[in-house]
There are 2 protein chains.
Amino acid sequence: MITRLSRLFLRTLRDDPADAEVPSHKLLVRAGYVRRVAPGVYSWLPLGLRTLRKIEDVVRQEMDATGAQEISLPALLPREPYETTNRWTEYGPGLFRLKDRKGGDYLLGPTHEELFALTVKGEYNSYKDLPVTLYQIQTKYRDEERPRAGILRGREFVMKDSYSFDLDDDGLTNSYATHRKAYQAIFERLGVEYVIVAATSGAMGGSASEEFLAASPVGEDTYVRCVESGYAANVEAVVTPAPAPLPIDGQAAAVDYDTPNTPTIATLVDWANEAKVLDRTVTAADTLKNVMVKLRHPDGKTEILGIGVPGDREVDDKRLGAAVEPAEVELLTEADFAANPFLVKGYIGPKGLAANGIRYLVDPRVVDGTAWITGADVQGKHVVGLVAGRDFTPDGTIEAAEVRDGDPSPDGAGPLVSARGIEIGHIFQLGRKYTDAFDVDVLGENGKPVRLTMGSYGIGVSRMVAVIAEQQHDEKGLRWPAEVAPFDVHVVIANKDAAARDGAEHVVAGLDAEGLEVLFDDRTASPGVKFKDAELLGMPWILVIGRGWAEGKVELRNRFTGEAEEIPAEDAVSAVTAKVRG
Amino acid sequence: MITRLSRLFLRTLRDDPADAEVPSHKLLVRAGYVRRVAPGVYSWLPLGLRTLRKIEDVVRQEMDATGAQEISLPALLPREPYETTNRWTEYGPGLFRLKDRKGGDYLLGPTHEELFALTVKGEYNSYKDLPVTLYQIQTKYRDEERPRAGILRGREFVMKDSYSFDLDDDGLTNSYATHRKAYQAIFERLGVEYVIVAATSGAMGGSASEEFLAASPVGEDTYVRCVESGYAANVEAVVTPAPAPLPIDGQAAAVDYDTPNTPTIATLVDWANEAKVLDRTVTAADTLKNVMVKLRHPDGKTEILGIGVPGDREVDDKRLGAAVEPAEVELLTEADFAANPFLVKGYIGPKGLAANGIRYLVDPRVVDGTAWITGADVQGKHVVGLVAGRDFTPDGTIEAAEVRDGDPSPDGAGPLVSARGIEIGHIFQLGRKYTDAFDVDVLGENGKPVRLTMGSYGIGVSRMVAVIAEQQHDEKGLRWPAEVAPFDVHVVIANKDAAARDGAEHVVAGLDAEGLEVLFDDRTASPGVKFKDAELLGMPWILVIGRGWAEGKVELRNRFTGEAEEIPAEDAVSAVTAKVRG
């Protein structure tokens, strides 16, 4: 197949688009792969669409190889099934909702657990039919609060989502393992550098889940690894190892102090060391910081929640968000403080919260017997030696404190180090959350109904275009691995002689006859412009028919290594074909 | 590729679904190709999806062969461009509209003229870039008032839409002709029996347009043909040949008569013949029937309109609808009559309408000099000999009267005959409606800007699955032409012997090795069940490995002709391959 640049619907841009911050976004726009239509909503131009389809094909092949079956469900979905699982509400403003002409409620599918559960229920009724895994490659919709980075986080995007249905837990474990392996094969073929990390299940529900993260400094996800043990987890999923409780007996009684002008942890620590309230140097880790947030529950009700973390740590918004899902976190307003005068800013303590019926959750490090310097619920007063389990009893723990490099790995094997990544896949052992909601049973071998157990597995297919661009680009432009490149080879004529042009046509026809997909720059532009475009567009091989033609030479460039080699013109077709076939 | 029925996600149904009226709907549901999710919203199960993809591939190949380039625009679209062309309003309740979390207005694309015009404007700026044709195969959304017949008229459906951009009218004519030819090639390959008919352009705008209609008794479109000349048109597009005007001079003056109890044409004709008001027998064609409708214009304003048609013809709702687009037709309410007392039901005449400023459009047969028996605007009174051009002057003509078999063809070649069809394609010469709206100019050869001219061309891809099913099925089930069949051959084991089963596995592996797509009924069900399913599912060839196996015989059945032939088992692979490659 030959595509001529002179006719290709493509205009490359010299300058980065004004709204682009990350390299993949800049390059995919400059190279004419995608165009913005609305925030988080993009068009795919010919080169972009070809890349997207190649990724789809890889995903499809590997899914088919597992025995999964492709189907296609609507994107426009009725409200009822999502009402049944409460996700119509729980999804909050992230769900695109609409009404039809008769006033019926619909949504644009963000993920399809409900519909796949109903689909299996509709067709199957015997244990003999199981297990089954179904998948689709489909356009999905999420009304992201902050669509960003072009197609990296869009509001309309292409996803492969699959769903496994099994008779029992072992079956689910197998289906999950099969997907995990297939995903590894897919990302391997796509040439993506990635890690698999433990994850939280969030709004999806279910027990176990893991994320596939592509390593990238522009990633929105932070994950941590323990080099010693190989443990890896999304920060949201990191479980803080709780120290052993300390004996309470024999600890000094708590004492209130006047601590004027100490509304911050830093000023409090300074005061404590000046006042020598402990027989050692006080650090921020000796203080207990109480952070107040307002939770908005799916039913619309709000709740003020107190969170206690060691004063040397910030609350991590994403960990907090994951910990309270499906509730959403909001900041307290001045009106909230006015309505709750016991919340004395800068001096809030556990006792005041307890006395006023505010739920109070603490970092897992706040175990019984630990003594803290914390607020005394009075302006300008703190308490020293407030002992957990004696002077206050939290309502539970919460994983909300930041995870820091050097923190101990939950498996005890060594310190954690953090890095950033882009979520490219997520696999869930959902269990029976959705099959319970819709009574998805089949008749078991013993004649009794069996409730099916379900897994859900997703890959961001359109996002993958950006991820590969992000990981593989260089300062000159895009660089596509062979599996996903829109064309196998980019042939550039850099010679105005009629003989060279004829020769190029001949070579291109030869490559086409070999079954290669050829992008042919037959334009009359200058060689400099053509080389720049070839580097920007990023095909893995660039064949230059230039000044050497008269001496029977052409040049083959490797876009990844930058290496160029002269080859005899008469060998051009066979040499390029050999390189492409690798 | 081998797909085993024992593992295929499929359950065939013995009974027709309760909501299905047309054969394709019944069969596609019974054969497990599609499942209903909401009115006009369907899931594609494995066999349906395979068929859909094969149709997509045929369409894609033929579009690519024309030089058209595939891109993919979003389905979720911002309001602004559709506001610019007024289609945000004109589309009325047929458009799915929604708001995002920030209150921004969006729609689900029903067709993409606006976005393609903007896309070309964004990339191209020189005459050298033109012509260009872009297309997409994409999910589209229309909130049909009456979704019907399964996927035949859905609210979420797959369409191929393409858009040509040319520098001048000749270019558009060429692009239009290219599409017309490509569509013929596509429908030919898909084995669809179709006609090309003149059509109205409707809400799309533009000058010329033609529809491709698949012949089908369940079609919603009525078209007429002239056998003599080959003229064919959608009834909405039929132009009534106007007779020559008659001389007015010498015609008798109009006379009012008391005509009690003649509110209908039939009673009026009876009265006229009894009263001998003409010196010949009066027929309904001598009367002028005045039909009142209320138009709702896109801006929300309403207008009462009078339509005069010869009394022997009804007003055709579809022709009327097409004639007044983008206004919508409503019935007058009792309140409307009460508010306009000059509208005397059963006795409305042209003079009363004129006197009260009501717009009055007449059938093209109502030419100057024709004399009519019509209402006198008074209860129980009619006027005889009311002459057009003398006693009343209509505000114009309207194509609203029904077209009947035997009516003269507009080209004068002979009578028209009517038939029903399903719209499968529509091609439009849009002209500059959209390029004017968005100032889509390029720099011309002479350095001056050139406004591009545009064509728009659509094929209902998912609808095609139903159309083929509709045209090709028989009483036993579906029958797929080779190009679109989900599998090339359906192999049935109808023999429990281990040797036969092994033999079937061997044959199936052989067919797979030949590159055939094989559906393999390896279930333990009875031969009767398997044969019924094979006929229902509709692969073009059915290979039965049955009782003859022991004698070295297998049976090959042609699903279209019903013919069965015994072939030696050892030739099964080569014989089937030869048939499939046909």
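This one's a predicted model, so the numbers in the text were calculated from it and none came from an experiment. (Residues numbered from 1 in each chain as written. Chains lettered and ligands numbered in written order. Predicted model: local features only at pLDDT ≥ 70, side-chain atom pairs only at ≥ 80, totals over all residues. Heavy atoms only, no water.)

(A) Inspection of the overall build of chain A at higher detail. Of the regular secondary structure elements, chain A holds 15 helices and 30 strands. Taking the principal axes of its C-alpha atoms as reference, chain A extends roughly 95 × 70 × 50 Å. Residues classed as buried in chain A amount to 56% of the 582 residues present. Of all intrachain contacts in chain A linking residues separated by at least 6 positions in sequence, the fraction that spans at least 24 positions is 70%. In the form shown here, chain A has an accessible surface area of approximately 23,600 Å², with 49% of it arising from carbon and sulfur atoms. Each charge sign in chain A was given a centre, from 66 positive and 90 negative side chains, and these centres are 5 Å apart. (Helix = DSSP H or I, 4+ residues; strand = E, 2+ residues; numbered from the N terminus. Buried < 20%, exposed > 50% of the residue type's maximum accessible area, 1.4 Å probe, protein only. Contact = heavy atoms within 4.5 Å. Areas by Shrake-Rupley, 256 points an atom, 1.4 Å probe, with all protein chains shown as cover. Lys, Arg positive; Asp, Glu negative; His and termini not counted. Charge placed at Lys NZ, Arg CZ, Asp CG, Glu CD.)

(B) Quick peek at the pairing of strand E12 (residues 221–226) of chain A. Residue and element names in this part refer to chain A. Two elements, E12 and strand E22 (residues 416–431), share six bridges in a ladder whose sense is antiparallel. Residue Arg225 lies in a different strand from E22, and its bridge partner there is Val417. Pairing between E12 and strand E13 (residues 232–234): three bridges, direction antiparallel. Within E13, the residue paired with Tyr223 across the bridge is Asn234. Connecting E12 to the next strand, E13, in antiparallel fashion are five residues, including Gly230 with a positive phi near 85 degrees. (Pairing = 2+ DSSP bridges.)

(C) Looking closely at helix H7 (residues 265–275) of chain B. All names here are of chain B. Looking only at H7, the buried set comprises Ile265, Leu268, Val269, Trp271 and Ala272. Summarising the axial view, the buried residues of H7 lie within an arc of 160 degrees, below the 170-degree limit, and thus occupy one face. Exposed and oriented more than 90 degrees from the buried face of H7 are Ala266, Asp270 and Glu274. The inward-facing, buried residues of H7 abut strand E14 (255–258), strand E15 (288–296), strand E19 (371–375) and strand E20 (381–387). Taken from the residues just after H7, Lys276 is the one with a positive phi, measuring 50 degrees. (Arc of directions from axis to C-beta.)

(D) Here's a closer look at the packing of helix H2 (residues 46–65) of chain B against helix H6 (residues 169–189) of chain B. All names here are of chain B. Two elements in contact, H2 and H6, have axes whose closest approach is 9 Å; the angle formed by their N-to-C orientations is 150 degrees. If you check the angle between H2 and H6, you find them roughly antiparallel. As H2 packs across H6, the resulting crossing turns out to be right-handed. Contacts between H2 and H6 pair Val58, Val59, Gln61, Glu62 and Met63 from the former with His179, Ala182, Tyr183, Ala185, Ile186 and Arg189 from the latter. Split by residue class, the contact of H2 with H6 holds seven nonpolar, two polar and two charged. (Axes fitted to C-alpha atoms, helices over the stretch in contact; angles between N-to-C directions. Parallel < 35°, antiparallel > 145°, perpendicular 65-115°, else oblique. Left-handed = near helix turned anticlockwise from the far one by under 90°. Nonpolar A, V, L, I, M, F, W, Y, C, P; charged D, E, K, R; others polar.)

(E) Looking closely at H6(B). All names here are of chain B. For H6, spanning 21 residues, the distance from its first C-alpha to its last is 30 Å, which sits close to the expected 30 Å at 1.5 Å a residue. Along H6, the residues classified as buried are Gly171, Leu172, Ser175, Tyr176, His179, Ala182, Tyr183, Ile186 and Phe187. Buried residues of H6, seen end-on, are gathered within an arc of 135 degrees and therefore sit on one face of the element. Set apart from the buried face of H6 by more than 90 degrees, the exposed residues are Asp170, Asn174, Lys181 and Glu188. Gly191, located one to two residues past H6, shows a positive phi value of around 70 degrees. (Expected span 1.5 Å × (residues − 1).)

(F) Region of the structure containing the domain arrangement of chain A. Here chain A is described as being made up of domain 1 (15–238 + 418–470), domain 2 (255–397) and domain 3 (489–581). Using C-alpha coordinates to define each centre, domain 2 of chain A is positioned 67 Å away from domain 3 of chain A. (Domains from an automatic or database assignment.)

(G) Fine view of the relation of the copies chain A and chain B. For these two chains of identical sequence, chain A goes onto chain B by a turn of 180 degrees and a shift of 0.1 Å along the axis, with RMSD 0.2 Å. Both copies of the chain, as the preceding transformation shows, are related through a two-fold rotation axis. If distances are taken from each C-alpha of chain A to the rotation axis, the shortest is found for Leu98(A), at 2.6 Å. Both copies contact each other with a shared surface, as 100% of the interface residues of chain A are interface residues in chain B too. (Least-squares fit on C-alpha atoms with pLDDT ≥ 70 in both.)

(H) Quick peek at the sheet that holds strand E29 (residues 553–558) of chain A. All names here are of chain A. Taken together, the six strands give an open sheet; going across it, the order is E1-E27-E26-E28-E29-E30, and neighbouring strands pair in mixed fashion. Here the strands that pair on one side only, and so sit at the sheet edges, are strand E1 (2–4) and strand E30 (564–568). Each strand axis lies, on average, 25 degrees off the axis of its neighbour in the sheet, ignoring direction. Sheet contacts for helix H13 (residues 498–513): E1, strand E26 (489–493), strand E27 (518–521) and strand E28 (541–545); angle to E27, the most-contacted strand, approximately 170 degrees.

(I) The sheet that holds strand E30 (residues 564–568) of chain B, seen in detail. All names here are of chain B. Pairing is mixed in the open sheet, where six strands are placed in the order E1-E27-E26-E28-E29-E30. In the strand order of this sheet, the two ends are held by strand E1 (2–4) and E30, each with one partner. Recorded for the sheet is a direction-independent mean angle of 25 degrees between the axes of neighbouring strands. Here five bridges tie strand E29 (residues 553–558) to E30, and the two strands are oriented antiparallel to one another. For Arg557, the partnering residue across the bridge sits in E30 and is Ala564. Those strands touched by helix H14 (residues 527–537) are strand E26 (489–493), strand E27 (518–521), strand E28 (541–545) and E29, and its axis lies near 175 degrees from that of E26.

(J) Main features of the packing of aromatic side chains. This model, assessed by the stated rule, comprises 22 aromatic pairs over all chains. Of the aromatic side chains, those joined through ring pairs into one cluster are Tyr183(A), Phe187(A), Tyr194(A) and Phe212(A). The ring of Phe487(B) carries Arg50(B) above its face, with NZ or CZ at 4.4 Å from the centroid. Here the basic side chain of Lys345(B) rests over the ring of Phe337(B), its NZ or CZ set 4.7 Å away from the ring centre. (Phe/Tyr/Trp six-rings, centres within 6.5 Å; stacked < 30°, edge-to-face > 60°. Lys NZ or Arg CZ within 6 Å of the ring centre and 35° of its normal.)

(K) Region of interest: the environment of Ile196(A). When you line up the elements, Ile196(A) lands in strand E10 (residues 194–198). Each residue touching Ile196(A), except ones within four places of it in the same chain, is listed here: Arg180(A), Gln184(A), Glu210(A), Glu211(A), Phe212(A) and Ala232(A).

(L) The interface of chain A and chain B, seen in detail. The interface is formed by 58 residues belonging to chain A together with 58 residues belonging to chain B. Overall, the association of chain A and chain B removes approximately 4,700 Å² of surface from exposure, summing both partners, and the carbon and sulfur fraction of that is 53%. The largest per-residue losses of area from chain A upon contact with chain B belong to Phe9(A), Arg101(A) and Glu123(A), which jointly make up 18% of the total buried on that side. Counting the contacts that link chain A with chain B gives eight salt bridges. Where chain A meets chain B, there are 29 residue pairs in polar contact (both at pLDDT 80 or more). (Buried area = accessible area lost by both parts, 1.4 Å probe. Salt bridge = Lys/Arg side-chain N within 4 Å of Asp/Glu carboxyl O. Polar contact = N/O pair within 3.5 Å; in protein donor to acceptor, adjacent residues only side chain to side chain.)

(M) Highlighting the nonpolar core. Within the largest apolar cluster, 75 residues are counted, with the highest numbers of intra-cluster contacts made by Leu76(A), Leu108(A), Val120(A), Phe165(A), Leu76(B), Leu108(B) and Phe165(B). Once residues within four sequence positions are removed from consideration, Phe165(B) is found in contact with Phe116(B), Ala117(B), Val120(B), Leu130(B), Pro131(B), Val132(B), Leu452(B), Thr453(B) and Met454(B). Residues Tyr135(A), Ala469(A), Leu478(A) and Ala485(A) belong to the second largest nonpolar core, which totals 59 residues. (Core = buried A, V, L, I, M, F, W, Y, C linked by side-chain atoms within 4.5 Å.)

(N) Quick look at the confidence of the model for chain A. Per-residue confidence for chain A gives a mean pLDDT of 93, with 99% of residues at or over 70. With a pTM of 0.87, the predicted complex shows an ipTM of 0.87. (pLDDT = per-residue confidence, 0-100.)

(O) Quick peek at the environment of Asn125(B). On the secondary structure map, Asn125(B) appears in the loop between helix H5 (113–123) and strand E8 (132–141). Separated by 319 residues in the primary sequence, Asn125(B) and Gly444(B) have C-alpha atoms spaced 9.0 Å apart. In contact with Asn125(B), other than residues within four places in its own chain, are Arg11(A), Val442(B) and Leu443(B).

(P) Geometry of the side chain of Glu144(A). As for its position among the elements, Glu144(A) is in the loop between strand E8 (132–141) and strand E9 (156–166). Within the local environment of Glu144(A), its side chain forms a polar contact with the side chain of Arg153(A), the two groups lying 3.1 Å apart. Those residues within four positions of Glu144(A) in sequence are excluded, and the remaining contacts are Arg153(A), Gly154(A), Arg155(A) and Arg101(B).

(Q) Looking closely at the pairing of strand E20 (residues 381–387) of chain A. Residues and elements named next belong to chain A. Taken across its seven residues, E20 has six buried, putting it largely inside the fold. Looking at chain direction, strand E14 (residues 255–258) and E20 are connected through four bridges and run antiparallel. The partner of Val255 across the bridge, within E20, is Val384. The turn linking strand E19 (residues 371–375) back onto E20 is made up of five residues, and Asp377 within it adopts a positive phi angle of 65 degrees.

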